[in-house]
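# Commentary on secondary and tertiary structure
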Amino acid sequence: MTASRGETVDVNSERGAGEEPILELKNVSVSYGNIAAVEDLSLRVYADEIVTLIGSNGAGKSTTLRTISGLLRPRAGDVVYKGQRINGMAGHEVVKLGVCHSPEGRKIFHRMTVSENLDLGAFVRKDSAKIAEDRAWVLELFPPLRERLDQKAGTLSGGEQQMLAVARALLGNPALLLLDEPSMGLAPVLVDLIFQTIERIRRQGVTVLLVEQNALAALEIADYGYVLESGRLNLQGPAERLLSDDSVAAAYLGGSDVAAEVRRPD
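Now for a quick tour of the structure. Sequence positions are assigned chain by chain, starting from 1 and proceeding in written order. Side-chain atom pairs in this predicted model are given and counted only at pLDDT of 80 or more, local residue features only at pLDDT of at least 70, and totals for whole chains, interfaces and linings cover all residues. With hydrogens and water excluded, all non-hydrogen atoms of the structure serve as input to the side-chain values.

### Digging into the pairing of strand β1 (residues 23-32)
To keep things clear, this is the line we draw: Paired strands, as defined in this entry, are two strands with at least two bridges between them according to DSSP. Put simply, DSSP H or I for four residues or longer makes a helix, DSSP E for two residues or longer makes a strand, and each gets a number counted from the N terminus.
Bridge count for β1 against strand β2 (residues 35-45) is 7 bridges, and the pairing is antiparallel. Considered in β2, the bridge of Ser 31 is made with Ala 36. Here β1 folds back onto β2 in antiparallel fashion, the turn holding 2 residues, of which Gly 33 has a positive phi close to 65°. With 5 bridges connecting them, β1 and strand β4 (residues 76-81) associate as antiparallel partners. From the neighbouring strand, Leu 23 faces β4, where its bridge partner is Tyr 81.

### Description of the side chain of Asp 180
As a reminder, the rule being used: Think of it in three bands: with a 1.4 Å probe and only protein chains considered, a residue is buried below 20% of the maximum accessible area for its type, exposed above 50%, and partly exposed in between. Positive charges are assigned to Lys and Arg, negative charges to Asp and Glu, while His and the chain termini are left out of the count. Whenever a carboxyl oxygen of Asp or Glu lies within 4 Å of a side-chain nitrogen of Lys or Arg, that contact is scored as a salt bridge. Here a polar contact is taken to be a pair of N or O atoms separated by no more than 3.5 Å, where protein atoms must pair a possible hydrogen donor with a possible acceptor and residues adjacent in sequence count only if both atoms sit in side chains. By definition, residues are in contact when any of their heavy atoms lie within 4.5 Å.
Topologically, Asp 180 is positioned in strand β7 (residues 176-180). Among buried Asp, Glu, Lys and Arg side chains, Asp 180 stands out as unpaired, with Lys 61 the closest opposite charge at 7.0 Å. Among the polar contacts made by the side chain of Asp 180, one reaches the side chain of Ser 62 at a distance of 2.8 Å. Residues contacting Asp 180, with those up to four places away along its chain left out, are Ser 62, Leu 65, His 101, Ser 102, Pro 103, Glu 104 and Val 211.

### Topic: the environment of Leu 170
With respect to the secondary-structure elements, Leu 170 resides in helix α6 (residues 158-170). Counting along the chain gives 52 residues from Leu 170 to Leu 118, while the straight-line C-alpha distance between them is 9.1 Å. What Leu 170 contacts, discounting residues up to four positions off in sequence, is Trp 137, Val 138, Leu 141, Leu 177 and Ile 201.

Here you go:
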């Protein structure tokens, strides 16, 4: 199976082992006023996958996540989660269904403590024992947060703020985690840590839809990828196939030399 342009081939047919996708976008279009941000986008995410959306700035990646999480409403098409149409639902209702969003720019509450930010992640939940268990888990995932629970979130480093944003989303107990640019502005060593943590999160049974400018790092951990260009689906396929696609390498991976280095066996 090769990476496929647009909808010319049913590249989803080999995914999911006959199961229904946990998330499906069907011909979704989204606009800001008269400006089209996403046009006729269809994609699928299956349980236990890491799926990545890559593309240049303004391609519609963040808009797609905001539409899934109920922050935006599509002007056409449907967002279907576990067989239920969710476009038009309020954001907190989408969270209750098991879709949690760690947004671009972190969007933590700077004047609140780390502990208070984490509490807000679980605001729709009533299962106090499981909340405590999940809180212990996220503090094990991100040890620096444990040492700073009583510290104002705005005084954290950029990497620690990103950890807090992801941890807060995880406390919503997601089946599907939407991550928007988790590596943005981080030092290389922290970028590696964030992507290792995403893989650990998936191993705990959380499905991940990842938007990332660092296309190389995203494709290296993803199972499947979609490439957006000017709000439209340009290319899709298994992540390993996208890594070997010359057009993807030229546009997003730093050129064919970088892609060849990635493909070279150890």
